[in-house]
Amino acid sequence: MKKFTRRQTLKTFAGAAAAATVPPSLLSAAKSFAQDSPWKPESGASIRMLRWKRFVASEGDATQAMLDAFSEATGVPIRLDSEGFEDLRPKAAVAASIGSGPDIIWTIHADPHLYPDAMLDMTDVADYLGGKYGGWYPMAEFYSMRDGKWISLPYTFSGNFINYRVAACKEAGFDQFPDNTDDFLTLMQELKKAGNPGGFALGNASGDGNSWAHWVAWSHGGKMIDENDNLVLNSPETVAALEYVSKLGPTFAPGVASWLDGHNNKAFLQGSCSVTNNGISIYAAAQREGLDEVANDMDHAYWPIGPAGEPTELHVQFPMTVYNHTQYPNACKALLAWLMEAQQYNAFLEASVGYLSHPLKAYDDNPVWTEDPKRAVFKDTTLRTRPFSYSGSLGYAAASVFADFIVVNMVAEAALGAKTPEEAAADAHKRAERYYKI
Amino acid sequence: MASNTHASGPKVGLMTRLMNNRNLMGLLFMIPAGSILLVFLTYPLGLGVWLGMTDAKVGRPGEFIGLENFVWLMDDSVFLLSVFNTFLYTVVASIIKFGLGLWLAIVLNNNIPFKAFIRAIVLLPFIVPTVLSALAFWWLYDSQDSVISWVLIEMGFIDETIDFLGDPNNARASVIAANIWRGIPFVAITLLAGLQTIPKSLYEAATIDGATEWQRFTKITLPLLTPIIAVVMTFSVLFTFTDFQLIWVMTRGGPINATHLMATLSYQRGIVGGSLGEGAAIAVAMVPFLLAAILFSYFGLQNRKWQRGGQDD
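What counts and how
Residues numbered from 1 in each chain as written. Chains lettered and ligands numbered in written order. Predicted model: local features only at pLDDT ≥ 70, side-chain atom pairs only at ≥ 80, totals over all residues. Heavy atoms only, no water. Helix = DSSP H or I, 4+ residues; strand = E, 2+ residues; numbered from the N terminus. Rg over C-alpha atoms; globule rule 2.2 N^0.38 Å. Buried < 20%, exposed > 50% of the residue type's maximum accessible area, 1.4 Å probe, protein only. Contact = heavy atoms within 4.5 Å. Areas by Shrake-Rupley, 256 points an atom, 1.4 Å probe, with all protein chains shown as cover. Polar contact = N/O pair within 3.5 Å; in protein donor to acceptor, adjacent residues only side chain to side chain. Pairing = 2+ DSSP bridges. Axes fitted to C-alpha atoms, helices over the stretch in contact; angles between N-to-C directions. Buried area = accessible area lost by both parts, 1.4 Å probe. Salt bridge = Lys/Arg side-chain N within 4 Å of Asp/Glu carboxyl O. Core = buried A, V, L, I, M, F, W, Y, C linked by side-chain atoms within 4.5 Å. 1 Å grid on protein atoms, 1.4 Å probe; cavity = no way out; pocket = protein on both sides within 12 Å on 5 of 7 lines; lining within 4 Å. Points joined across faces, edges and corners; volume = space filled by probe spheres on them. Nonpolar A, V, L, I, M, F, W, Y, C, P; charged D, E, K, R; others polar. Arc of directions from axis to C-beta. Parallel < 35°, antiparallel > 145°, perpendicular 65-115°, else oblique.

Asks: So what about the overall build of chain B? Which residues, and what values?
Replies: Along chain B, the regular secondary structure elements total 14 helices and zero strands. Counting from the amino terminus, chain B carries its helices and strands in the arrangement α-α-α-α-α-α-α-α-α-α-α-α-α-α. For 313 residues, the compact-globule formula gives about 20 Å, and the C-alpha radius of gyration of chain B, at 27 Å, lies well above that figure. Along the first, second and third principal axes, the C-alpha set of chain B runs to 105 × 70 × 35 Å.

Structure, rendered in structure tokens:
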């Protein structure tokens with residue numbers, strides 16, 4: 001309610017107050033957008049928006065400033081709340097179920113596919129933005145479209161790539177980070193011998209654990225389901241991937257079995273882990289905390305490519321969803337279009353300093369990807385990701401299997417030698433049957 | 001006169017009679033408490049049981065599927081592992097909490113310097129929010145920077161850091177230790193209250209009769225403490241069996257589900273994974289075990305007449 005009060009006060013003292021809170025250039029952009037936009041907010045419109053708790057303060061501030069500018073220019077008050085993912089996702093689902101709650105939710109993964117009927121058709125906004133900004137990456141489309149309609153906007157993707165220490169890899173004989181799984185195994189073995197091991201989370205780490213476990217399973221052609229959503233996890237390809245994992249596991253740093261999402265960041269920053277997978281947060285923390293030794297010696301790389309012959313990476317989508325139950329669909333569409341217009345979206349990317357990447361091809365040119373070459377790989381996040389439901393459809397079964405760490409546990413079992421590759425694949429397959437009922 | 005009384009009788013009498021009807025008034029007075037129980041206890045419990053028999057997802061009402069969820073769970077290795085973990089966790093932690101708690105209570109019951117201050121300090125682990133203490137243990141158990149490992153290495157007992165949360169059995173022991181640390185104050189302080197209700201005269205009489213310290217403990221302290229022990233241990237078992245936060249913060253149920261409890265698995269599947277029906281089924285599966293624990297302490301350790309100065313039947 002505070003926001004409304006402030007907003008009303010601002011309205012009263014329109015000119016002076018607005019200039020004090022919103023940068024003039026942003027405000028004038030918002031005003032001209034409000035003039036030209038194909039979507040005119042309904043009179044008396046107001047928007048309630050719920051988002052996840054920001055990773056980086058600068059992104060949160062930039063987004064808030066854009067919302068404020070939109071409010072100033074259109075007179076539509078916006079109330080923005082934020083929640084951690086574990087509260088946000090159930091709230092989003094319940095809002096869909098009861099048809100009331102926030103108008104816009106900025107959520108995670110493919111959650112709109114769990115309640116597609118509650119989503120407002122965003123096709124016109126998507127067509128408008130796609131036409132104006134070089135088109136959407138195919139994976140952005142895949143995540144957002146259902147039955148020929150856009151049920152959400154694939155606002156941004158968070159990249160999860162290889163983080164490595166350059167000097168340690170050079171010592172191990174690799175001037176470039178290996179681009180294939182065989183060389184990658186050699187590198188990891190050499191690093192272990194040199195007393196400088198890498199490590200990948202084997203605990204129930206929803207971000208890093210899922211990213212690396214899916215990468216390795218897919219890299220050898222293993223996958224949970226086929227194009228028709230038939231369960232095909234227990235396959236020779238999956239077993240081959242797990243055999244590879246069983247060779248990779250012994251090269252890891254001690255303690256990986258207990259690693260959750262934060263452990264590899266800490267180990268890497270301390271210098272006790274030379275290769276791991278992560279977003280850009282390790283690099284950002286090294287810079288922020290003045291750990292120049294780490295920041296200067298580290299870099300990011302694409303995931304190595306395995307026998308599957310193509311990138312098999314998994315990055316996370318954060319879609320913007322508008323609910324059918326909103327009383328002000330045009331205001332919501334205008335707001336999301338405004339956020340994704342060049343001036344705002346470029347500012348958003350820059351404020352996100354590589355944590356978050358774009359779904360529209362035109363934003364490849366954003367300086368954030370070139371001003372620091374160590375961020376370069378994150379530019380291709382949306383280009384290179386597969387959906388977590390690969391190669392089947394998004395929905396309840398895929399979401400449940402993903403949340404239940406079935407692939408992560410399978411890979412961990414093989415990596416730690418707790419089960420043979422054959423057993424691990426067969427047991428994981430059996431667990432997944434629960435969701436892909438046979 | 002007679003007819004007058006007769007005529008006005010029912011008029012005045014109906015309300016009066018109703019007001020004087022003990023059964024009716026009893027019922028009326030129970031309505032507030034009863035409805036609170038109904039709305040806040042019976043309904044959620046019933047809803048949980050119902051959800052456990054549906055295929056509901058978060059945000060989507062499910063259809064009735066009978067016992068299918070339970071049938072699946074019986075064949076689910078992760079669920080069965082979580083049942084085993086929950087039992088191990090509850091039994092080991094409860095026994096140690098009881099032993100150490102009783103010992104601590106007896107120590108605190110003696111005249112020691114700064115008694116009030118020390119008693120207050122003992123409560124500290126109980127006062128600290130669980131998530132905070134879990135985070136503290138998370139650091140203590142860190143695979144690289146554990147203080148425990150560091151001290152042992154510096155003292156020359158071990159050569160490399162202990163993998164507290166990475167090895168399945170280490171992880172189980174570690175989370176149990178954290179739970180014990182957190183649970184002892186509750187047991188100790190409650191038993192201390194019980195100890196203080198035991199009349200000193202009993203001990204004096206026993207001493208005069210030549211009873212040893214051990215005899216005084218087994219023949220006076222323990223029997224008179226039994227009702228309190230029953231209550232304390234019932235609660236302690238319930239808290240331990242349903243523990244969630246410690247595990248969720250420290251291990252998320254890992255490594256490879258070695259520390260998944262029924263409560264954490266229920267949350268992982270029901271809320272994070274969205275399979276509300278299955279999550280509810282796991283939670284409902286905890287109820288029989290909890291009922292058994294309550295009944296055990298109710299019948300096994302209930303108040304005996306002789307403890308109140310009467311005769312046993």
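Having seen it, we continue.
Asks: I'd love a proper account of the overall build of chain A, names of residues and values included.
Replies: Check the secondary structure of chain A and you find 20 helices and eleven strands. Counting only C-alpha atoms and orienting by the principal axes, one finds that chain A spans roughly 70 × 55 × 35 Å. Going through the 438 residues of chain A one by one, you find that 62% of them count as buried. Sequence-distant contacts in chain A: of pairs separated by 6 or more residues, those separated by 24 or more amount to 77%. Surface accessibility of chain A: about 15,600 Å² in total, with carbon and sulfur atoms responsible for 52%.

Asks: Hey, could you go over the environment of Asp103(A) for me, with residue numbers and the actual values?
Replies: All names here are of chain A. With respect to the helices, strands and loops of the structure, Asp 103 is situated in the loop between α5 (85-98) and β3 (104-106). Between the C-alpha atoms of Asp 103 and Cys 332, which are 229 residues apart in sequence, the distance is 7.4 Å. Discounting chain neighbours no more than four positions away, the residues touching Asp 103 are Ser 46, Ile 47, Arg 48, Thr 321, Val 322, Tyr 323, Thr 326, Gln 327 and Cys 332. One polar contact links the side chain of Asp 103 to the main-chain amide nitrogen of Arg 48, over a distance of 2.7 Å.

Asks: Could you give an account of the sheet that holds strand β7 (residues 161-165) of chain A, naming the residues involved and the relevant values?
Replies: Residue and element names in this part refer to chain A. Sheet architecture is open: three strands sit in the order β8-β7-β9, paired in antiparallel fashion. A strand with exactly one partner marks an edge of an open sheet, and here the two such strands are β8 (275-278) and β9 (298-301). Strand-to-strand, the axes of this sheet are offset by a mean angle of 30°, without reference to chain direction. Contacting β7, β8 and β9, helix α12 (residues 263-270) runs over the sheet at an angle of about 140° to β8.

Asks: Give me the environment of Asn366(A): which residues, what numbers.
Replies: Residues and elements named next belong to chain A. Mapped onto the fold, Asn 366 is located in the loop between β11 (356-357) and α17 (381-384). The class for Asn 366 is buried, based on a relative accessible area of 1%. If we ignore the near neighbours within four places in the chain, the residues touching Asn 366 are Asn 346, Leu 349 and Glu 350.

Asks: Describe the sheet that holds β11(A), naming the residues involved and giving the relevant values.
Replies: Residue and element names in this part refer to chain A. Across the sheet, six strands lie side by side as β2-β1-β3-β10-β6-β11; this open sheet has mixed pairing. On the outer flanks of this sheet lie β2 (78-83) and β11, each paired with one strand and no other. In this structure, strand β1 (residues 47-52) lies alongside β2, joined through six bridges in parallel fashion. Paired with Trp 52 across the bridge in β2 is Glu 83.

Asks: Which residues make up the side chain of Asn69(B), and what values do they have?
Replies: Considering the arrangement of structural elements, one finds Asn69(B) in helix α3 (residues 68-74). A polar side-chain atom of Asn69(B) sits 2.6 Å from a polar atom in the side chain of Arg434(A). The contact partners of Asn69(B), leaving out residues within four places of it in the chain, are Arg434(A), Leu51(B), Gly52(B), Met53(B), Thr54(B), Gly277(B), Glu278(B) and Ala281(B).

Asks: Could you give me a rundown of the interface of chain B and chain A, with the residues and numbers involved?
Replies: Taken together, the contact between chain B and chain A spans 37 residues of the former and 36 residues of the latter. Roughly 3,100 Å² is buried in total at the junction of chain B and chain A, and carbon and sulfur atoms are behind 50% of that figure. By the criterion of area lost to chain A, the three top residues of chain B are Trp72(B), Gln144(B) and Ile256(B), representing 22% of everything that side buries. At the boundary of chain B and chain A, one finds six salt bridges.

Asks: Can you tell me about the nonpolar core, naming the residues and giving the values?
Replies: Counting 136 residues, the largest nonpolar core has Leu153(A), Phe184(A), Trp212(A), Met224(A), Val275(A), Leu335(A) and Trp338(A) as the members making the most contacts within it. For this core, the element with the highest residue contribution is helix α15 (residues 329-340) of chain A, accounting for nine residues. Counting residues in hydrophobic clusters, the runner-up holds 19 residues, among them Leu260(A), Trp138(B), Tyr141(B) and Ile180(B).

Asks: Could you give an account of the pattern of salt bridges, with specific residues and numbers?
Replies: All names here are of chain A. Applying the stated criterion across every chain yields a total of 27 salt bridges over all chains. We note a salt bridge from Asp 124 to Lys 333, for which the minimum N-O separation is 3.0 Å. Pair noted here: Asp 124 is in helix α6 (residues 123-132) and Lys 333 is in helix α15, with a separation of 209 residues, a long-range link. In this structure Asp 124 comes out as partly exposed when scored by relative accessible area, which is 32%. A salt bridge links Arg 431 to Asp 404; its shortest N-O distance comes to 3.4 Å. Residue Arg 431 is located in helix α20 (residues 421-433), and its partner Asp 404 is located in the loop between α18 (396-403) and α19 (406-416); the two are separated by 27 residues in the primary sequence. Accessibility classification places Arg 431 together with Asp 404 in one group, the buried group.

Asks: Any details on the layout of surface pockets? Residues and values, ideally.
Replies: Reported here for the largest pocket is a volume of approximately 1,300 Å³. What lines the largest pocket is a set of 40 residues, and nearest its centre among them are Phe55(A), Phe85(A), Ser206(A), Gly207(A) and Asp261(A). Among the elements of the structure, α5, α10 (208-219), β10 (316-322) and α18 of chain A together with α7 (130-140), α12 (245-250) and α13 (262-272) of chain B are those that each provide at least two residues to the lining of the largest pocket. Counting residues per element, the lining of the largest pocket draws most heavily on α5(A), at four residues. As a volume, the second largest pocket reaches approximately 650 Å³. For the lining of the second largest pocket, the secondary structure elements donating two or more residues are α4 (77-109), α9 (168-196), α10 (200-208) and α11 (213-241) of chain B. With five residues, the single largest contributor to the lining of the second largest pocket is α11(B). Grouping the amino acids of the lining of the second largest pocket by side-chain chemistry returns seven nonpolar, six polar and five charged.

Asks: Would you mind going over unusual backbone geometry in detail, with residue names and values included?
Replies: All names here are of chain A. Residue Tyr 390 is joined to Ser 391 through a cis peptide bond whose omega torsion reads -10°. When you line up the elements, Ser 391 lands in the loop between α17 and α18. One non-glycine residue with positive phi stands out, namely Asp 229, at about 60°. Tracing the backbone through its elements, the reader meets Asp 229 in the loop between α10 and α11 (236-248). Taking relative accessible area as the criterion, Asp 229 reaches 27% and is therefore assigned partly exposed. Unusually for a residue other than glycine, Phe 405 sits at a positive phi of about 60°. Locating Phe 405 in the fold gives a position in the loop between α18 and α19.

Asks: I'd like a description of α7(B), backed by residues and values.
Replies: Every buried residue of α7(B) is accounted for by Thr130(B), Ser133(B), Ala134(B), Phe137(B) and Trp138(B). Buried residues in α7(B), looked at end-on, bunch into an arc of 150°, giving them a common side. Buried-residue contacts for α7(B) involve α12 of chain A together with α9 and α12 of chain B.

Asks: Provide a residue-level description of the packing of α10(A) against α11(A), including the pertinent values.
Replies: Residues and elements named next belong to chain A. The N-to-C vectors of α10 and α11 enclose an angle of 125°; their axes lie 8 Å apart at closest approach. Considered as vectors, α10 and α11 are oriented oblique to each other. Residues Trp 212, Val 216 and Ala 217 of α10 lie in contact with α11, whose contacting residues are Ala 241, Tyr 244, Val 245 and Leu 248. Its residues assigned to classes, the contact of α10 with α11 shows seven nonpolar, no polar and no charged.

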